[in-house]
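Structure assessment
The residues making up each chain are set out below.
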Amino acid sequence: MTSETGFDPRLYDRFPTTEPRPEGELEELERVWRKPKGWVGWFTVVNNNYIGVYYVGAAFLFFVLAGILALLMRTQLAVPTNDFLPQETYNQLFTMHGTIMMFLFAVPAVEALGVMLLPQMLAARDLPFPRLSAYAFWAYLVGGLVFFGSIFFSLAPSGGWFMYPPLTSKTYSPGINADFWLLGIGFIEISAIAGAIEIVVGVLRNRPPGMSLDKMPIFAWAMLVFAAMIIIGFPAIILGTLLLELERALGWPFFDAALGGDPLLWQHLFWFFGHPEVYIIFLPAAGLMSMIVPTIAQTPLAGYRLVVLALLATGFISFGVWAHHMFATGMPPISVSFFSAASMAVSVPAGIQVFAWIATVAKGKFQFNTPGLFTLGSLIIFTMGGLTGVMVGLAPFDWQAHDTYFIVAHLHYVLIGGMVFPLFAAFYYWIPMMSRRALSERLGKWVFGLMFAGMHVAFLPMHLTGLMGMPRRVYTYLPGRGWELPNMISTVGAFMIGAAVLLFIIDLIRNFRFTADEDAGNVYGGGTLEWLPTGLYSTRSVPLVTSRYPLWEQANIGKDVEEGRFFLPGAATGRRETIVTSPLRAEPMYLQTMPGPSAWHVLAAVFTAGFFLLLTVQAYWTGVVSGVLAIACVLRWLWETDWTIEQETADLGAGVVMPTYVRGPSSHGWWAMVVLLTVASMIALLSVFSYVFLWSQSGELWRPPPGWASTFGMWAGYGLTLAAAAVAPFALRRLTGAGPAAAAALVTLSAGALCATLAHDWFSWGAAGLTPTVSAQGATVHAMMAWEGVFAFTGVLMAGFVLARAVTQNLSATRTSTVDLVCLFLAYGALQGLGTSTVARLFPGGG
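So, here is what we can say about the structure in this document. (Residues numbered from 1 in each chain as written. Predicted model: local features only at pLDDT ≥ 70, side-chain atom pairs only at ≥ 80, totals over all residues. Heavy atoms only, no water.)

Here the focus is the overall build of the chain. From N to C terminus, the chain includes 26 helices and six strands. Computed over C-alpha atoms, the radius of gyration of the chain comes to 27 Å, within 12% of the 29 Å expected from 2.2 N^0.38 for 847 residues, which places it in the range of a compact globule. Viewed in the frame of its principal axes, the chain has a C-alpha envelope of about 80 × 75 × 50 Å. The proportion of buried residues among the 847 residues of the chain is 61%. Restricting the contact set of the chain to residue pairs at least 6 apart, pairs at least 24 apart contribute 82%. Carbon and sulfur atoms form 69% of the exposed surface of the chain, whose accessible area is close to 30600 Å². Positive and negative charge centroids in the chain, built from 42 and 46 side chains respectively, lie 3 Å apart. (Helix = DSSP H or I, 4+ residues; strand = E, 2+ residues; numbered from the N terminus. Rg over C-alpha atoms; globule rule 2.2 N^0.38 Å. Buried < 20%, exposed > 50% of the residue type's maximum accessible area, 1.4 Å probe, protein only. Contact = heavy atoms within 4.5 Å. Areas by Shrake-Rupley, 256 points an atom, 1.4 Å probe, with all protein chains shown as cover. Lys, Arg positive; Asp, Glu negative; His and termini not counted. Charge placed at Lys NZ, Arg CZ, Asp CG, Glu CD.)

Below is the structure:
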């Protein structure tokens, strides 16, 4: 078998080494990774052992807050004509409940588990961008708490977690409540994208040597698919919220039918994100199940490869199901048939995973401990939710059940069974990995019993009330319709679930004692790498992996890791480090040096959240100041990256020597930039979809574009941007002495050409008589140019950054990553502008 990187696999024969490494190396390792002392250290720490625990704790806090809102709603609906809550307050409560559960709990919770568990499962010192993870967490926490606080000032949104226009347009929602939703969750979108970048690059590039793709833990596969789905799906909600806020703030009519817009465009954008989000939530939870079930049964997972294929298939098919939520909007029959078939098809890979878990339990010996009970409960509840999902996937039935409590019941069975129960199983299973004491088995079984029974008591009757005609989102109802008893039963069940969560919190308070270097141990006998002996730096040495369950199948691996007999037993460069491996076979490629604690990413997160929230309350100048401060903090944070290390190579142990720096497509920074630009390309593609969709609905209102002379000028400008961006890295590498100055000049030229071309495009459309407030065509074209303006503005910042590094002699021909990535960004910006501008000018007809 040939190597994919040039690494000689025969070097693996040197590990584990025959002699343990000296204790001095361990002391150096502990010194390098030590957390800053005092309360400041809790804020500035960047190690994912800490950030992951913070992240999970914050997500659970929002789960509890959203649950309290649910109990208030169920109290209102317990009896007919109840006046416990006013109508507007109830509307705000159900909007905030759905928004918090989906945006502030579900997605962040599974992303937080990834940040916390993946470094341990991959035996990596850390994920590749620890400050990015910390930035995502602090932006999420600060912004989320302020967003939740809006409910105490009657500023919470009331248009539902889906925010359909025209209900949420300025005409029908004149206050800033809807703006709190549209701008207030901007930090969630940023946080999710940042986490997805971290997870994709971490899973593909920071696995331990020998852990090829077919040996990866299922949870790592699930998180990889999860992150890819965020990269593809979240741009739709980013674009949708931007368009609706532009309509509300500036009067650009994307969704106003009188001016060529269409409210259905929002539904297409929202559900292109919204239905895959169900699987974005479910797949990591399924990954957790696939990790816990083999341990509970004490046997390897049955059908490993089939489960991996099922994860990939679910992620792919889920993007063909978004209009499943739009059967009642009058879609053409052929479209209804396609999306109905896709709704049936997506249940097949989910079924494969369920049967794999059942087969694993059947071939092992199932243990009825607390994680085992929660996995069993998840199987039952999720299967019931899947069956009703097949029912609503049939268009004739959906037409009858749409917007009734049957849908509420289906939604909660799928989400609670497919995500909440696996999450609680994970809490009981993995808390011994990070706490000095495990949670109580006795209390855990009470938590399970109350939650399992409460789940069915609360939501099973809702199927009946839905079939009896009770609509969703009503704050009260009249007596005599037969809805009284089912609603009272549902309210009792909701409070049973609340009692279970309260009991769990009591158990946490009694037993959870977080520590990074002392834990309760492998209580349930797991076979994967997260149960290796760890410290703040994760494992003492990075092991060589030869199987899927190393702790079961590789003798003495824990002892050998702890004694430093594998890769990187110390701090080879005197800094924080981790090994970067190849994406397919995990062959060692180079040693990545990592940043330490800092306040800059925390300040950047606070000011980022402040920017969005201040714009929401129309404190525009203060918001701009907050945005400028956020940018300044980010630039200061990035100044410490791409640093010069005199030590060009490092010994990873047993004489295996690797470089400490690489550039180009082999570097982890390049991979991160490609992921980010994939997000940007999805926003651009969806903006083109919006343009074409609106043209298809009101094409007779479309005005002719600018003439061919203007079009050729646009093409020339983007061509100059591309040429300068392509030449800059070459100049840095090839021009002796003058390379840094030449590269900085070319980067500046490229950014300037991008700005000039955008200005030319903007003014040429104005000269052609197209303004953004007059028609949907003008609004969509100017929105695409505004998105291009984000790249032009960022390109100018990047050019200034490169100039500053050149002036301070921080650019060199051997360390070119900064210039490489900036040029990649500028080149993409030119290609994106070229594509969107050409579509707008040539479709449906050129000038």
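To continue, consider the pairing of strand β3 (residues 576-581). Within β3, six of the six residues are buried, which leaves the element mostly enclosed by the surrounding structure. Here β3 shows a buried face lined by R576, T578 and V580 and a second buried face lined by E577, I579 and T581. One ladder, built from six bridges, connects β3 with strand β4 (residues 588-594); its direction is antiparallel. Within the sheet, the bridge partner assigned to V580 lies in β4 and is Y590. Linkage of β3 to β4, two consecutive antiparallel strands, is achieved through a turn of six residues, within which A586 is found at a positive phi near 55°. (Pairing = 2+ DSSP bridges.)

Taking 1.5 Å of rise per residue, the 17 residues of helix α12 (residues 347-363) would be expected to cover 24 Å, and the 24 Å separating its terminal C-alpha atoms lies within 8% of that figure. Among the residues of α12, those classed as buried are P349, A350, Q353, V354, A356, W357 and T360. Axial view of α12: buried residues confined to an arc of 150°, hence all on one face. Among the exposed residues of α12, those pointing more than 90 degrees away from its buried face are V348, F355 and A362. At its buried positions, α12 is contacted by α9 (263-297), α10 (304-317), α11 (333-345) and α13 (370-392). (Expected span 1.5 Å × (residues − 1). Arc of directions from axis to C-beta.)

All chains considered together, the criterion is met by 71 aromatic pairs. Between W161 and F270, the ring centres sit 5.2 Å apart and the planes meet at 65°, which makes this aromatic pair edge-to-face. Note that W161 is positioned in the loop between α5 (130-149) and α6 (177-184) and F270 in helix α9, a separation of 109 residues in sequence. Here W161 and F270 have matching classes, each one buried. The interplanar angle of 65° and the centroid separation of 5.6 Å between the aromatic rings of Y428 and F504 together place this pair among those described as edge-to-face. Of this pair, Y428 sits in helix α15 (residues 405-434) while F504 is found in helix α17 (residues 484-511), placing the two residues 76 residues apart along the sequence. Looking at Y428, the relative accessible area reads 1%, which means it is buried. By relative accessible area, F504 is classed as buried at 1%. Put simply, the rings of F60, F63, F105, F374, F421, F424, F427, Y428, F448, F452 and F504 pair up and form one aromatic cluster. (Phe/Tyr/Trp six-rings, centres within 6.5 Å; stacked < 30°, edge-to-face > 60°.)

Using the criterion set out here, one finds 15 salt bridges in the structure. A salt bridge links E640 to R131; its shortest N-O distance comes to 2.9 Å. With E640 in the loop between α21 (620-639) and β5 (649-651) and R131 in helix α5, this residue pair connects regions lying 509 residues apart in the sequence. Residues R565 and D560 are paired through a salt bridge, measuring 3.4 Å at the closest nitrogen-oxygen approach. Accessibility assignment for this pair places R565 and D560 in one class, buried. (Salt bridge = Lys/Arg side-chain N within 4 Å of Asp/Glu carboxyl O.)

With that settled, the discussion passes to the packing of helix α4 (residues 87-121) against helix α8 (residues 218-250). Close contact between α4 and α8 brings their axes to 10 Å; oriented N to C, the two are set at 140°. Relative to α8, the element α4 is oriented oblique. Both α4 and α8 take part in a crossing whose hand is left-handed. Contacts between α4 and α8 involve V107, V110, E111, L113, G114, L117, L118 and M121 from the first element and F219, A220, M223, F226, I230 and F234 from the second. When the residues that make up the contact of α4 with α8 are grouped by side-chain class, the tally is twelve nonpolar, one polar and one charged. (Axes fitted to C-alpha atoms, helices over the stretch in contact; angles between N-to-C directions. Parallel < 35°, antiparallel > 145°, perpendicular 65-115°, else oblique. Left-handed = near helix turned anticlockwise from the far one by under 90°. Nonpolar A, V, L, I, M, F, W, Y, C, P; charged D, E, K, R; others polar.)

Counting 280 residues, the largest nonpolar core has F105, W181 and W430 as the members making the most contacts within it. Setting aside anything within four residues of it in sequence, one finds W430 in contact with L117, M121, L288, M291, I292, E530 and W531. (Core = buried A, V, L, I, M, F, W, Y, C linked by side-chain atoms within 4.5 Å.)

What follows is about the environment of I505. With respect to the helices, strands and loops of the structure, I505 is situated in helix α17. C-alpha separation for the pair I505 and V624, spaced 119 residues apart in sequence, amounts to 40 Å. Apart from the residues lying within four places of it in its own chain, the contact partners of I505 are F60 and V64.

This paragraph deals with a positive patch on the surface. On the surface, R436, R437, R442 and R510 cluster together into a positively charged patch. Position of R437 relative to the elements: it lies in the loop between α15 and α16 (441-467). Residue class for R437 comes out partly exposed when judged on its relative accessible area of 40%. (Patch = residues over 30% accessible without salt bridge, like charges linked within 9 Å, V, L, I, M, F, W, Y side chains within 5 Å.)

Cis geometry marks the peptide bond from F15 to P16; its omega dihedral reads -5°. Counting through the fold element by element, P16 comes out in the segment before α1 (23-32). The amide bond that connects P165 to the next residue, P166, takes the cis arrangement and shows omega of 10°. Examined against the element boundaries, P166 turns out to sit in the loop between α5 and α6. Residues other than glycine seldom take positive phi values, yet Q298 does so here, at roughly 55°. Looking at the element boundaries, Q298 is found in the loop between α9 and α10. In the Ramachandran plot, N556 falls in the positive-phi region, its phi being about 65° despite a non-glycine side chain. Take N556: it is sitting in the loop between α18 (550-553) and α19 (557-562). Relative accessible area serves as the criterion here: at 54%, N556 is assigned to the exposed category.

In this model, α21 (20 residues) spans 29 Å end to end at C-alpha, consistent with the 28 Å of a helix rising 1.5 Å per residue. Turning to α21, its buried residues number three or more, namely G623, S626, G627, A630, C633 and W637. What you see down the axis of α21 is that its buried residues fit within an arc of 125°, all on one side. Residues of α21 that are buried in the fold lie against α5 and α20 (600-616).

The subject of this paragraph is a nonpolar patch on the surface. Residues L306, L309, L312, V348 and I352 make up a contiguous nonpolar surface patch of about 440 Å² in total accessible area. Of all the elements in the fold, those that place two or more residues in the nonpolar patch are α10 and α12. Counting residues per element, the nonpolar patch draws most heavily on α10, which supplies three residues. Considering the arrangement of structural elements, one finds V348 in helix α12.

So yeah, pure geometry; function would need other evidence.
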